[in-house]
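# Notes for the structure review
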There are 2 protein chains.
Amino acid sequence: MTRPTLPQGTRDFGPETVRKRKYILDTIRRIFELYGYQPLETPAMENLDTLMGKYGEEGDKLIFKILNNGLGDPKNVDKSRKAFENVLTGKNDPNLTERALRYDLTIPFARYVAMNHNQLALPFKRYQIQPVWRADRPQKGRYREFYQCDADVVGSSSLINEVELASIYQTAFQRLRIPVEIKINHRKILAALAEICGGADKLTDITVAIDKLDKIGMEKVRAELIDRGLNDTQVASISTYLSISGSNIDKLATLQNIFAATPSGLSGIRDLESILQQVPFLSLDLTLARGLNYYTGAIFEVKATETSIGSIGGGGRYDDLTGTFGVPGIPGVGISFGVDRIYDVMEEARLFPEDVQTGTKVLFFNLGEAESNAAFQLVQQLRAADIPAEVYHESAKFDKQFKYAERKGIPFAVIIGSTELTTKTAKLKDLRDGRQTELSFEELILTFTHK
Amino acid sequence: MTRPTLPQGTRDFGPETVRKRKYILDTIRRIFELYGYQPLETPAMENLDTLMGKYGEEGDKLIFKILNNGLGDPKNVDKSRKAFENVLTGKNDPNLTERALRYDLTIPFARYVAMNHNQLALPFKRYQIQPVWRADRPQKGRYREFYQCDADVVGSSSLINEVELASIYQTAFQRLRIPVEIKINHRKILAALAEICGGADKLTDITVAIDKLDKIGMEKVRAELIDRGLNDTQVASISTYLSISGSNIDKLATLQNIFAATPSGLSGIRDLESILQQVPFLSLDLTLARGLNYYTGAIFEVKATETSIGSIGGGGRYDDLTGTFGVPGIPGVGISFGVDRIYDVMEEARLFPEDVQTGTKVLFFNLGEAESNAAFQLVQQLRAADIPAEVYHESAKFDKQFKYAERKGIPFAVIIGSTELTTKTAKLKDLRDGRQTELSFEELILTFTHK
């Protein structure tokens, strides 16, 4: 038997990593709850029908499909072969694969809302923290299994939701101690820009090009716009737009002039004014476009400012979440936290609190049967007082027991030998500074329970 | 577009259910940590190789396999067709499916230990709480996606581990307030019984028959043993064994007589004596067999005593976890919690604490723009004090806002109209008893933060 391996693009999370990830997710989860968002969990598998056609042609190719069971049953073989030929030509066939793995959390959420909208109290504010799977080519920072962490509210057009989601971002990154810039822009402003550049059909060309400004710079964005068929006057308008500077209020004033005769622009400006009045800590970034076509209102992006890791969150308003599942007219707005990148930022800047790693607080050494039985009784008292404690599993050399404590990062050792057993005392050793004290059993328990 | 559905055997968990499940899992997780067990998470997908052949012929059929991507690429088509024909004949072929979904948590854990044993501090005590997938025929209480919740320690033969795992069971079910009987038996005692009945080769026949005693009764067990080729004398010995009664100590004394000349039996008795001395709350149940062949020492099973739901946990000691992955000689012992059944027991007996459902504590009514802006400021103060609060998303009729609070189970409403806005006061209404008080903004905040 050869040594086993992991599938490409997947990861094991050992104890240290699980604890750090849990710290991030618990922090965010608590804030979602503070804002009245409620937890939802959907299955890892969805019907293939539910997922196909929702993520564009490229996305469809990255969906992991699950092979039906029983393909070789005599009564299925012919159907299976036919289905397989269909799949080879790029089609889907439920006779080969009925199910597929969750590709994101938004479509399963939409499916849930479509199935349950009669029973839900709208607006429905839900959060969801679960893994998703994508058959992407693995590379640094890109995995085939990764967690998404989303909060969305559906059934409300009120801007209160935008204000609250922005506040959730602010609170979360404050509690995680990550310095961030939370950017906002509005799809209607980009739509108005497209309008004054000759028509709504230019919107995608413009947003795709603008989206690259950060990476490729103004000159190349201009070249791309020309390539995409915009004329010099139009490109000049876009350049003017992209160069608007100053405070949020300055920018809004300039926009007001540019879009004075463009109703969609004015409507976007009004939304932004109203949002920024309540949450002035946002940065109005007119170059923010966000790739996804389904956004229709405010859009958000969060950047960690003191690292090169880039975007660690994003979201926005969309008009019609569940229309594709036969339930039209439910608008929504949502944000997402990039858990893996947040982890990397915190690791890089050493932002995890020290106590995130404290599992076991104290190791009782094992110096024989009677001694370890006494130790076990004390350990049970500590555990009853909610203090993680262990007895070393067997009587062994001190060295070995110290090493176990060290490798597990346990800060205290308690030594009860035959002498101590008679006097009902214990040696307590602080493994970080080596200091040792002798205590009665009662004092020992109190030392930990009163800390 | 037809209304979407869920794949057979899978479930959505809405807010109420997620909260209750989280209560169960957090309770158990905390106890694992108290005993020095550390968290591990493995990927949903494993290489098909890692899983195949580990769960018996029936198990292998229930593994969900993931279709490779790019089967139809011109350079792959021939290989794909050949692979598919292999799969139709019941073989596995990595050219069609390289990966499969996790079927349990034990094999991925073994794979992890085999890959990392040089870096691990042995004994390694790990817990793991993740979903698994099985292509079983769905039926009441049996799902295709369900959580397992396991704690195992590997690299130690010490009975301290059995004692601690039994204590984990006891503490967990005490904290969950589920009355249980925690049963123990020992594989060596069953092996000794097989020995005095004519040989080790009878062990499986005997355990399979004994395992059914609960369901089919002594007469039918006797019939089955005869069917399985045991003679009258042997069946009589087994009957005698199964009728041993009395306290744990009585039973051990009787066993001592029966197995006086059977070393494996004596060794099992010594283990049980040693374990029961530390954790006398266990019930020695000599009819307990547990189906899985890989157990070699103590075995456990937990039954909820005040319901018909049956076993809600089980486990035992095994000799060689990672041998199948090329790393022999690592013994272990572990237990498992049946999360879905624990949920059902707690639901049936109404054991979930009431506050498990409190998401939002107070809803501020929305009576217009200026009023809701003021409400938002107060809500932000409450959230900063870690109290979940909401402003209703739009100015709407009282009825609608009350109904939202009711459907979401929010216990308090705060009403700030234009009069209250001027006087900086608020009406606080307890929605459970209808009582209403008028408070200044400061008093309102204090009411919640000092509760």
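The rules behind these values
- Sequence order as written defines residue numbering, which begins from 1 separately in each chain.
- Think of it this way: whatever chain is written first is A, whatever ligand is written first is 1, and the rest follow in order.
- Totals for whole chains, interfaces and linings use every residue, but because this is a predicted model, local features are given only for residues with pLDDT of at least 70 and side-chain atom pairs only at 80 or more, for both listing and counting.
- Think of the side-chain values as coming from all heavy atoms in the structure, minus any hydrogens and water.
- DSSP-based pairing: two strands are paired if at least 2 bridges between them are found.
- Elements are defined by DSSP. Helices are runs of H or I of four residues or more, strands are runs of E of two residues or more, and each kind is numbered from the N terminus.
- Here the copies were fitted onto each other by least squares, based on C-alpha atoms from residues at pLDDT of at least 70 in both.
- Two residues qualify as a contact provided that any one of their heavy atoms is within 4.5 Å of a heavy atom in the partner residue.
- Accessible area, probed at 1.4 Å, shrinks when two parts are joined; the buried area is that loss added up over both.
- We define a salt bridge as a contact between a side-chain nitrogen of Lys or Arg and a carboxyl oxygen of Asp or Glu at a distance within 4 Å.
- Two N or O atoms count as a polar contact when they lie within 3.5 Å, although within protein this holds only if one can serve as hydrogen donor and the other as acceptor, and sequence-adjacent residues are included solely when both atoms are side-chain atoms.
- By the convention adopted, Pro, Cys, Tyr, Trp, Phe, Met, Ile, Leu, Val and Ala count as nonpolar, Lys, Arg, Asp and Glu as charged, and the other residues, Gly among them, as polar.
- Remark: exposure states derive from per-residue accessible area (1.4 Å probe, protein chains only) relative to the maximum for the residue type, with buried under 20%, exposed over 50%, and partly exposed in between.
- pLDDT: the predictor's confidence for each residue, scored from 0 to 100.
- A fitted line through C-alpha atoms represents every axis, and for helices the fit uses only the stretch in contact; the resulting angles, taken between N-to-C directions, go from 0 to 180 degrees.
- Orientation labels follow simple angle bins: below 35 degrees gives roughly parallel, above 145 gives roughly antiparallel, 65 to 115 gives roughly perpendicular, and whatever is left gives oblique.
- A crossing counts as left-handed when the near helix is turned anticlockwise from the far one by less than a right angle, and as right-handed when that turn is clockwise.
- Here a helix's expected span is defined as the number of its residues, less one, multiplied by 1.5 Å.
- The directions from the helix axis to the C-beta atoms are what the arc is built from.

### Comments concerning the sheet that holds strand 9 (residues 295-304) of chain B
Residue and element names in this part refer to chain B. With mixed pairing, the eight strands of this open sheet are ordered in space as 1-5-6-11-10-9-7-8. One side of each edge strand has no neighbouring strand; the edge strands of this open sheet are strand 1 (38-39) and strand 8 (283-284). Inspection of the sheet shows strand 6 (residues 145-154) paired to strand 11 (residues 332-337) by six bridges, in the antiparallel sense. Its bridge partner being in strand 11, Val153 is matched across the sheet by Val333.

### Here's the deal with the environment of Leu439 of chain B
Counting through the fold element by element, Leu439 of chain B comes out in strand 16 (residues 436-440). Put simply, Leu439 of chain B and Lys424 of chain B are 15 residues apart on the chain and 8.7 Å apart in space, counted from C-alpha to C-alpha.

### Quick notes on the relation of the copies chain A and chain B
Two chain copies, one operation linking them: a rotation about an axis together with a shift along it. By a simple turn and slide, chain A fits onto chain B: the slide is 0.0 Å along the axis, the RMSD is 0.1 Å, and the turn is 180°. Here the symmetry operator amounts to a two-fold rotation axis. When C-alpha positions in chain A are compared against the rotation axis, the closest is assigned to Ile66 of chain A, at 2.2 Å.

### Focus on the interface of chain A and chain B
Contact residues are listed per partner, giving 103 residues for chain A and 104 residues for chain B. Of the roughly 8,900 Å² buried between chain A and chain B, counting both surfaces, carbon and sulfur atoms make up 55%. Where chain A meets chain B, there are 14 salt bridges. Applying the counting criterion to the chain A and chain B interface returns 42 residue pairs in polar contact (both at pLDDT 80 or more). Per-element tally for the side of chain A that touches chain B: the top contributor is helix 1 (residues 15-34) of chain A, with eight residues. Along the lines of polarity and charge, the residues of the side of chain A that touches chain B split into 48 nonpolar, 29 polar and 26 charged.

### Thoughts on the pairing of strand 7 (residues 180-186) of chain A
Residue and element names in this part refer to chain A. Burial within strand 7 is extensive, with five of its seven residues counted as buried. Relative to strand 9 (residues 295-304), strand 7 runs antiparallel, the two sharing seven bridges. Directly across from His186, in strand 9, lies its bridge partner Ala298. Pairing of strand 7 with strand 8 (residues 283-284), which is carried by two bridges, proceeds in the parallel orientation. Residue pairing for strand 8: Ile184 is matched across the bridge by Leu284.

### Digging into the confidence of the model for chain A
Atom-level detail of predicted coordinates should not be read off regions where pLDDT is low. The pLDDT averaged across chain A works out to 94; a share of 99% of its residues lies at or above 70. Among the prediction metrics, the complex's ipTM stands at 0.93, with pTM recorded as 0.94.

### Here we look at the packing of helix 7 (residues 187-196) of chain A against helix 12 (residues 263-278) of chain A
Residue and element names in this part refer to chain A. Two elements in contact, helix 7 and helix 12, have axes whose closest approach is 8 Å; the angle formed by their N-to-C orientations is 155°. Regarding the angle of helix 7 to helix 12, the classification is roughly antiparallel. As helix 7 packs across helix 12, the resulting crossing turns out to be left-handed. In contact with Lys188, Ile189, Ala191, Ala192 and Glu195 of helix 7, helix 12 contributes Ser264, Gly265, Ser267, Gly268, Ile269 and Leu272. The residue inventory of the contact of helix 7 with helix 12, partitioned by class, reads five nonpolar, four polar and two charged.

### Considerations on unusual backbone geometry
A cis amide bond links Leu122 of chain A to the next residue, Pro123 of chain A, at an omega of -5°. For Pro123 of chain A, the position within the fold is in the loop between helix 5 (106-116) and strand 5 (124-133). Here the phi dihedral of Lys424 of chain A falls at roughly 50°; this positive angle occurs in a residue that is not glycine. Among the structural elements, Lys424 of chain A can be located in the loop between helix 16 (418-423) and strand 15 (425-430). Of note, Arg350 of chain B is a non-glycine position whose phi angle comes to about 50°, a positive value. The topology assignment puts Arg350 of chain B in the loop between helix 13 (339-348) and strand 12 (362-364).

### Focus: helix 4 (residues 77-88) of chain A
An ideal rise of 1.5 Å per residue puts 16 Å on 12 residues; helix 4 of chain A measures up with 16 Å between its terminal C-alpha atoms. Those residues of helix 4 of chain A that sit buried are Val77, Ser80, Ala83, Phe84, Val87 and Leu88 of chain A. Along helix 4 of chain A, the residues classed as buried sweep out an arc of 140° about the axis, all on the same side. Away from its buried face, by an angle of more than 90 degrees, helix 4 of chain A presents the exposed residues Asp78 and Lys82 of chain A. Contacts made by the buried residues of helix 4 of chain A are with helix 4 (77-88) of chain B. Phi turns positive one or two residues past the end of helix 4 of chain A, at Gly90 of chain A, with a value near 95°.

### Re the sheet that holds strand 5 of chain A
Residue and element names in this part refer to chain A. In spatial order, the strands read 1-5-6-11-10-9-7-8; together these eight strands make up an open sheet with mixed pairing. Strands with a single pairing partner mark the edges of an open sheet, and in this sheet they are strand 1 (38-39) and strand 8. Most of the contacts of helix 5 go to strand 5, to which it runs at about 135°, and overall it touches strand 5 and strand 6 (145-154). Of the strands in this sheet, strand 7, strand 8 and strand 9 are in contact with helix 12, which crosses strand 7 at around 150°.

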